[in-house]
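# Remarks on the overall topology
Here is how the chains run, residue by residue.
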Amino acid sequence: MVNLTSKESFLRSELPVPLKEAQVFEFDDTLLLCTSYTETKKAQLQCFKWSDGAWLNFPTPMGNQMKSFISAVKVPNVGIWFMGSKNGNTLILNENGDWSPGPKWTNTRTRACSVLISSTKVAHIGGQKATGAIPIGKEIAVEVFD
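What counts and how
Numbering of residues starts from 1 in every chain and runs along the sequence as written. It should be noted that, the model being predicted, local features are given only for residues of pLDDT at least 70 and side-chain atom pairs only at 80 or more, the latter also being counted only at that level, while totals for whole chains, interfaces and linings use all residues. Only hydrogens and water are set aside; all other atoms, that is, all heavy atoms of the structure, feed into the side-chain values. Only DSSP runs of H or I with at least four residues qualify as helices, and only runs of E with at least two residues qualify as strands; both kinds are numbered from the N terminus onward. Contacts: residue pairs with any heavy atoms within 4.5 Å of one another. For the accessible areas, the method is Shrake-Rupley and the probe is 1.4 Å, while residue cover comes only from the protein chains on display. The method works on a 1 Å grid over the protein atoms by themselves. A cavity is a set of points holding a 1.4 Å probe that cannot get out, a pocket is an open set with protein on both sides within 12 Å along at least five of seven lines, and residues with an atom within 4 Å of a point line them. Grid points are joined across faces, edges and corners, and a volume is the space filled by probe spheres set on the points. Side-chain classes follow a simple rule in which Ala, Val, Leu, Ile, Met, Phe, Trp, Tyr, Cys and Pro form the nonpolar group, Asp, Glu, Lys and Arg form the charged group, and the remainder, Gly included, forms the polar group. Exposure is judged per residue with a 1.4 Å probe applied to protein chains only, and the accessible area is read against the type maximum: over 50% gives exposed, under 20% gives buried, and values in between give partly exposed. Strand pairing is defined by DSSP finding a minimum of two bridges between the two strands. Among the buried residues, those of types Ala, Val, Leu, Ile, Met, Phe, Trp, Tyr and Cys that are joined through side-chain atoms within 4.5 Å form a nonpolar core. Interaxial angle, 0 to 180 degrees, is taken between N-to-C directions of lines fitted to C-alpha atoms, where a helix line uses only the stretch in contact. Here a pair means two rings of Phe, Tyr or Trp (six-membered ring of Trp) with centres within 6.5 Å. Their orientation is stacked below 30 degrees between planes, edge-to-face above 60, and tilted elsewhere.

## A few points about the overall build of the protein chain
- Counting secondary structure elements, the protein chain contains zero helices and eleven strands.
- In the protein chain, the order of α-helices and β-strands from amino to carboxyl end is β-β-β-β-β-β-β-β-β-β-β.
- Taking the contacts inside the protein chain whose residues are at least 6 apart along the sequence as the reference set, 32% of them involve residues at least 24 apart.
- Carbon and sulfur atoms make up 54% of the accessible area of the protein chain, which totals about 8800 Å².

## Considering empty space enclosed by the protein
- By the definition in use, this model includes one cavity of 30 Å³ or more.
- Each pocket or cavity is described by its volume, and for the largest cavity that value is around 50 Å³.
- When the residues that make up the lining of the largest cavity are grouped by side-chain class, the tally is two nonpolar, seven polar and two charged.

## A closer look at the pairing of strand β5 (residues 71–75)
- For β5, a buried count of four out of five residues is recorded, marking the element as mostly surrounded by other parts of the structure.
- Judged from the five bridges that link them, β5 and strand β6 (residues 79–83) form a sheet pairing that is antiparallel. From the neighbouring strand, V75 faces β6, where its bridge partner is G79.
- Between β5 and β6, which follow one another and run antiparallel, lie three residues, and N77 among them has a positive phi close to 65°.

## Things to note about the nonpolar core
- Counting 14 residues, the largest nonpolar core has L32, C34, L45, I80, F82 and L93 as the members making the most contacts within it.
- If you list the elements that add at least two residues to this core, you get β1 (23–27), β2 (30–37), β3 (42–51), β6 and β7 (90–94).
- Here L45 is in contact with C34, T35, S36, T60, N64, M66, I70, F82, L91 and W99, once residues within four sequence places are set aside.
- Formed by seven residues, the second largest nonpolar core is a distinct cluster that contains V73, V75, M83 and I92.

## Brief notes about the sheet that holds β6
- As summarised here, the arrangement of the four strands in space is β5-β6-β7-β8, forming an open sheet in which the pairing is antiparallel. Every interior strand has two partners, whereas the edge strands, β5 and β8 (99–102), have only one. Taken over all neighbouring pairs, the strand axes of this sheet differ in orientation by 25° on average, direction set aside.
- Relative to β8, β7 is paired through four bridges, and the arrangement is antiparallel. Bridge pairing in β8 links L91 to P101.

## Structural notes on the sheet that holds β3
- Pairing within the open sheet is antiparallel, and its four strands lie in the order β1-β2-β3-β4. One side of each edge strand has no neighbouring strand; the edge strands of this open sheet are β1 and β4 (54–58). Across the sheet, the axes of successive neighbouring strands diverge by a mean angle of 30°, strand direction being ignored.
- Bridge analysis of β3 against β4 gives five bridges, and the strand direction is antiparallel. Its bridge partner lying in β4, C47 is registered against F58.

## What to know about the packing of aromatic side chains
- With the rule as written, the count across this model stands at five aromatic pairs.
- Aromatic side chains W50 and W55 sit 5.1 Å apart centroid to centroid with 65° between the ring planes, which places their arrangement in the edge-to-face category.
- Assessed through its relative accessible area of 26%, W50 is described here as partly exposed.
- Centre to centre, the rings of F82 and W99 are 5.6 Å apart; their planes meet at 40°, and the pair counts as tilted. Of this pair, F82 sits in strand β6 while W99 sits in strand β8, placing them 17 residues apart in sequence.
- Residue classification places F82 among the buried residues on the basis of a relative accessible area of 0%.

In structure tokens:
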């Protein structure tokens, strides 16, 4: 909450755990924060839901194997599509709160930006193809979401 006159913030929160490169989405009339890199868990998707002034654990599928840094995009009338496994497997958090496997991403990379470019297409922009690789900032890969 921000006072528009004074431009001061009235509400502040601490992140639920030390983490890197989180994705934040509006979900179920609140905020959902997801990352795959915390101090204690690396390369595993973890999510937290904002509720009554605090971040609460939001369950993710057991044994999910996401790269150290995920990318995600909200797909209208579907849910949130999470990408970041080394083998191209993805996860969908459906609008009803259930998890399901998503379409396989054929051009895997890490630290990319995912952008919805139509109701059925997602672009992966930039990122790296492998750990320590040179960034591929000029390359855009597009996947059709069916």
